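Single-letter residue listing:
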Amino acid sequence: MKQFTHKSTTTKTQSKLVHAADYVDVGNSSVSWTEQGRLVGDDKRRAVRVTVSANERKVELLDGYNETVEKTVVQPNNKTAYTSFLIALENLHFGQERIAKQTDERGVCPIGQRYIYEIRAGANQKSRLWSDSCLATDGTFAGLAGTTRQLFKSQITTYDKFILGTQF
């Protein structure tokens, strides 16, 4: 379990950029977007994660703070579609990190949602950024958050049906 270390809200982090499109030809690469729900009791906490790779598009409903997979839908993908998706993410500044007052999203925006944006090369996490629904200035994600979220949702043909009735 990751220990929480309180960092001063005046601490600045180094801004950096990871290019999503650089991972087109990296075997087992994937990008993901996770929406974490409000801070409620563990039995009511839900999150949804969309992961896209060259071979598949996957959506998972996650239960509780440990994010146990409750249900999954997997749809096929191909390299051409994945390449187009990564280029679109690149145009939305998906891997752009901004200087943030707080780098740890836990506990931020307790009555709203937190969004996690990741780039992976196999088991290696290359980028992990976040934003939330409370303040546009919160988080380390410097990309176009709303358009990025919509783009990920659009990758899953049955996304709206999949999350129907789920409260975040």
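J.: Help me understand the packing of aromatic side chains, please; the structure alone is not making it clear to me.
T.: Aromatic ring pairs are defined here through the distance separating the ring centres and the angle between the ring planes. Tallying each qualifying case throughout the model produces six aromatic pairs. Seen from their ring centres, Tyr117 and Phe141 are 3.7 Å apart, and the 10° between their planes marks the pair as stacked. Highlighted residues: Tyr117 in strand 5 (residues 114-121) and Phe141 in the loop between strand 6 (124-132) and helix 2 (145-154), separated in sequence by 24 residues. A cation sits over an aromatic face here: Lys71 above Phe162, 4.7 Å from the ring centre. Here the guanidinium or amino end of Arg149 rests over the ring plane of Tyr115, the centre of that ring lying 4.1 Å away.

J.: Would you mind going over the pairing of strand 2 (residues 46-53) with me for this structure?
T.: Each regular strand displays side chains that alternate between the two surfaces of the sheet. A large share of strand 2 lies buried, amounting to seven of its eight residues. Sheet topology note: the strand 1 (residues 29-36)/strand 2 ladder contains seven bridges and is antiparallel. Note on strand 2: the bridge partner recorded for Ser32 is Thr51. Sheet topology places strand 2 next to strand 3 (residues 56-63); seven bridges connect them, and they run antiparallel. Looking at strand 3, one finds that Thr51 is bridged to Lys58. Counting the residues between successive antiparallel strands, the hairpin from strand 2 to strand 3 contains two residues.

About the thresholds
- Residues numbered from 1 in each chain as written.
- Predicted model: local features only at pLDDT ≥ 70, side-chain atom pairs only at ≥ 80, totals over all residues.
- Heavy atoms only, no water.
- Phe/Tyr/Trp six-rings, centres within 6.5 Å; stacked < 30°, edge-to-face > 60°.
- Helix = DSSP H or I, 4+ residues; strand = E, 2+ residues; numbered from the N terminus.
- Lys NZ or Arg CZ within 6 Å of the ring centre and 35° of its normal.
- Buried < 20%, exposed > 50% of the residue type's maximum accessible area, 1.4 Å probe, protein only.
- Pairing = 2+ DSSP bridges.

From the geometry alone we can't say anything about function, so treat these as descriptive.
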